[in-house]
Amino acid sequence: MYPEGLVYVAGHRGLVGGALVRKLQADGYQRLLLRERGELDLTRQNEVEAFFAAERPDYVFLAAARVGGIHANDSYPADFLRDNLQIQTNVIDAAQRHGVRKLMFLGSSCIYPRLAPQPMPEESLLTGPLEPTNQWYAIAKIAGIKLCQALRRQHGFDAISVMPTNLYGPGDNFDLETSHVLPALMRKFHEAAQAEAPEVVVWGSGTPRREFLHVDDLADACLFLMRHYEDEEPINVGWGQDATIRELAYLMADVTGFEGRIVFDETKPDGTPRKLLDTSKLEALGWTPRIPLRAGIEETYRWYLASLQGLRD
Ligand code: GFB
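What you are looking at is a predicted structure, and each value in this text was computed from that prediction instead of being measured. (Residues numbered from 1 in each chain as written. Predicted model: local features only at pLDDT ≥ 70, side-chain atom pairs only at ≥ 80, totals over all residues. Heavy atoms only, no water.)

(A) View of the environment of Tyr301. Inspection of the secondary structure assignment puts Tyr301 in helix α10 (residues 293-312). In this structure the C-alpha to C-alpha distance between Tyr301 and Arg114, which are 187 residues apart in sequence, comes to 31 Å. Residue contacts for Tyr301: discarding those within four places in its chain leaves Met186, His190, Val255 and Thr256. (Helix = DSSP H or I, 4+ residues; strand = E, 2+ residues; numbered from the N terminus. Contact = heavy atoms within 4.5 Å.)

(B) The arrangement of the packing of helix α2 (residues 45-55) against helix α4 (residues 77-97) in detail. Orientation of α2 relative to α4, taken along the N-to-C sense of each, is 30°, at an axis distance of 9 Å. Here α2 is positioned roughly parallel relative to α4, judged by the angle of their axes. The way α2 lies across α4 gives a crossing that is right-handed. Along the contact surface, α2 presents Gln45, Val48, Glu49 and Phe52, while α4 presents Asn90, Val91, Ala94, Ala95 and Arg97. When the residues that make up the contact of α2 with α4 are grouped by side-chain class, the tally is five nonpolar, two polar and two charged. (Axes fitted to C-alpha atoms, helices over the stretch in contact; angles between N-to-C directions. Parallel < 35°, antiparallel > 145°, perpendicular 65-115°, else oblique. Left-handed = near helix turned anticlockwise from the far one by under 90°. Nonpolar A, V, L, I, M, F, W, Y, C, P; charged D, E, K, R; others polar.)

(C) How the structure looks around the site of the ligand. In the region of the ligand, 23 residues are neighbours, and Ile70, Lys188, Arg210, Pro269 and Asp270 sit closest. Interatomic distance of 3.0 Å between a side-chain N/O atom of Ser108 and an oxygen atom of the ligand. Backbone polar atom of Ser179 to a nitrogen atom of the ligand: 2.9 Å apart, as the coordinates give it. For the ligand, the accessible surface in isolation is 700 Å², of which the surrounding protein chains cover 97%. Contributions of two or more residues to the shell around the ligand are made by α3 (70-75), α6 (181-195) and β7 (199-203). Looking at the shell around the ligand element by element, the count peaks at four residues for α6. (Near = heavy atom within 4 Å. Polar contact = N/O pair within 3.5 Å; in protein donor to acceptor, adjacent residues only side chain to side chain. Areas by Shrake-Rupley, 256 points an atom, 1.4 Å probe, with all protein chains shown as cover.)

(D) Expanded view of the pairing of strand β4 (residues 102-106). Burial analysis of β4 places five of its five residues in the buried class, the great majority of the element. The side-chain alternation of β4 yields two buried faces, one formed by Lys102, Met104 and Leu106 and the other by Leu103 and Phe105. Bridge analysis of strand β3 (residues 59-62) against β4 gives four bridges, and the strand direction is parallel. For Leu62, the partnering residue across the bridge sits in β4 and is Phe105. Two strands pair when backbone bridges link them, and β4 and strand β5 (residues 159-164) are joined in this way by four bridges, in the parallel orientation. Across the sheet, Leu106 pairs through a bridge with Val162, a residue of β5. As a crossover connection, the stretch from β4 through helix α5 (residues 135-155) into β5 is right-handed. (Buried < 20%, exposed > 50% of the residue type's maximum accessible area, 1.4 Å probe, protein only. Pairing = 2+ DSSP bridges. Right-handed = clockwise from strand over helix to strand, strands pointing away.)

Shown next, in the form of C-alpha cells:
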C-alpha cells in the first residue's frame, strides 16, 4: 500500500487538502508532493502534464477544486463548471497516463438529486433533477466520478470517488460572500457578540437540514479508504445526523456568546431542503466518525480566534 510511495495532495491549501496533509504527516508519511497554485495551475493541461511526467507520484488525493457556499455557486456558474471540469480532467487523465497507482477523487453530496430519498444512498446518483443553485458544480463532480469509472473500465486505473457531506474545520473560508454556512455563521455571531449587536441575520428560512462533518474526520476516512476501498462506485462519508440551519444558528450563538436576536432573511435562497448521506457502505467497511458537532465547532472557533489574533500580531 501507499506508505512507501510518493503521495501528491492536490489542493493542499484548501480545507480538505490541508486536513489530508496534517493527517498524512501525523501518520508518518514522509514523501509528500505539494505545489502552490503559483507553481502549478491545475486548470492548465500543459502544466499538469509536465508536472506528472517529471514527478511521477504513486498516489494522488485530488482535493483541488473551486468550491463555495450557496451564494458563490449561484453567482459564478461558469467558474464552478469550467474550473472544476478542467482541474479534475487534467489531473485524473495525467495520473492515469503517468503510472499513478491509485487516485482518490473528492466530490460532494450535492451530486445527488435535490429530492433524493433521505438519507441519500450512493445508488440515488442520476435518479432525478439536481438542486438548481449548485447544479453547475454538481455536474462537474458527476463528470469526475464518471471519468474515474471510465478509466477503471477502459484502462484498469484504480481511481476511487469519495463523496463527503458538508464539511467544516480549521482552514475554512470565512469570507461572507463565498463561504459555506458554518464558517459564515461563526464569523457573523462572533462579530455580533464582540460588538454587542442587537441581531444577526441568517440567510433563508432556517428550515433546511444539513449534515456537518469535521474535516479531520473526513481526512481520517480518506486515508482509510485509500487503503481499503477499490470500486468504481462512489462512497459517501458523513456524520450520520443532520440539523436545521436554525439549530445551527442557535448553537453558534451559544458557542460565541451572542445574546441578541436571530433574524431569518427569507429573500435569500434555502437551496436543497435536506442533505443527509447514507453512510452504511462506509460503516460496513469498519469506519465511523469521531468528532461531534458541538465539540468540532468549539475547536474550529478556537482556531478562528487564534487566526484573527495572528492577523492582528
Ligand atoms: O453551506 P451553504 O452555503 O450551502 O448553505 P449548501 C446551507 C444553508 O445555510 C442554505 C443557509 O439554506 C443557506 O441559505 N445559510 C444561512 C447560509 N445563513 C447563511 C450564510 O450566512 N452563508 C451561507 N453560505 N449560507 C453548498 C453547495 O450547498 O454545499 C455546494 O452550493 C456544495 O455546491 C456545498 O455542495 C457542500 O449546503 O446549500
